[in-house]
Amino acid sequence: MTDILHDSMPPDAVAHPLPGTRPLAPGDWLRRDERYDEQMALRDRLIEEKRHDVIALLPEGDGPARELLELVCRELGLTDDTYVRPDGVSVRIDLSDPLATLGRLCQEDFAIMVAGEAEHWLAGGVICFPSRWTLSQKMGRPLTAIHTPVPQYDEGIARRVQRLFDGVRVGQPLVRWNHIPYLVDELHNPQPEFTTVGPEVPRPFLRRERQVLVRLPETRAVVFSIHTYLVRA
């Protein structure tokens, strides 16, 4: 799928040691890059043809999902119930189906995390571009369980990440980048947890995800948004 490869990474695509967060510059949450048209066409197709793979919502996530949609609409400057995207596609703003609407408004994927007794847990999401994981396996699970396959995610990192989720403030989002040498030129790459990777071989692509943590002011849920870049290494 070379048509979705980016020309280059943005200059701020720098990954720091876990958890690696930095304050987000004002007005720099949702981005539009040179592969907007191609990514949005792919998102439309996935939501239409593989909805149950890319969208999931538990009852606890319903209120946050609606609030998130309203926040994104304000961020995009929408004033009516239809958004004409830069690629010319019209999207109806449907508050009764907030995650599908969000998935078609911008390039970011969104995961909704709500506070539990000990950790935040995943209550909903629209994830069109997973990297070797599936939304169905992560739903309802707390942060530590979500990151079980990640070797670097030890108890110390888990505590620090949970403190971040507890501490992120309304109007003061945080941003981090990850850095993944990649084997395939696929943005939609779902695989079950602990799938055997196979022998170590050269990885001709590089995937980086711009991940932003946003506190919703009304429901107090934390939104984890992901903007994915993929280039030839």
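In case you missed it, the structure is sitting above this.
Residues numbered from 1 in each chain as written. Predicted model: local features only at pLDDT ≥ 70, side-chain atom pairs only at ≥ 80, totals over all residues. Heavy atoms only, no water.

A. Main features of the layout of surface pockets. In this structure, the second largest pocket occupies an estimated 300 Å³ of space. Lining of the second largest pocket is provided by 18 residues; of these, Leu 24, Gly 171, Gln 172, Pro 173 and Val 214 occupy positions nearest its centre. Taken together, the elements giving at least two residues each to the lining of the second largest pocket come down to helix H3 (62–75) and strand E8 (205–215). Tallied by class, residues from the lining of the second largest pocket come to eleven nonpolar, three polar and four charged. (1 Å grid on protein atoms, 1.4 Å probe; cavity = no way out; pocket = protein on both sides within 12 Å on 5 of 7 lines; lining within 4 Å. Points joined across faces, edges and corners; volume = space filled by probe spheres on them. Helix = DSSP H or I, 4+ residues; strand = E, 2+ residues; numbered from the N terminus. Nonpolar A, V, L, I, M, F, W, Y, C, P; charged D, E, K, R; others polar.)

B. Here's a closer look at the pairing of E8. Across the eleven residues of E8, eleven count as buried, placing the element largely inside the fold. Covered by surrounding structure in E8 are Phe 205, Arg 207, Glu 209, Gln 211, Leu 213 and Arg 215 together with Leu 206, Arg 208, Arg 210, Val 212 and Val 214, the residues of both alternating faces. Across nine bridges, the pairing between strand E7 (residues 174–182) and E8 is antiparallel. Pairing of Pro 181 across the sheet is with Leu 206, part of E8. Pairing analysis gives eleven bridges linking E8 to strand E9 (residues 222–232), with the strands arranged antiparallel. Of the residues in E9, the one forming a bridge with Phe 205 is Arg 232. In this structure, the hairpin formed by E8 and E9 is closed by a connection of six residues, where Arg 220 is found at a positive phi of approximately 70°. (Buried < 20%, exposed > 50% of the residue type's maximum accessible area, 1.4 Å probe, protein only. Pairing = 2+ DSSP bridges.)

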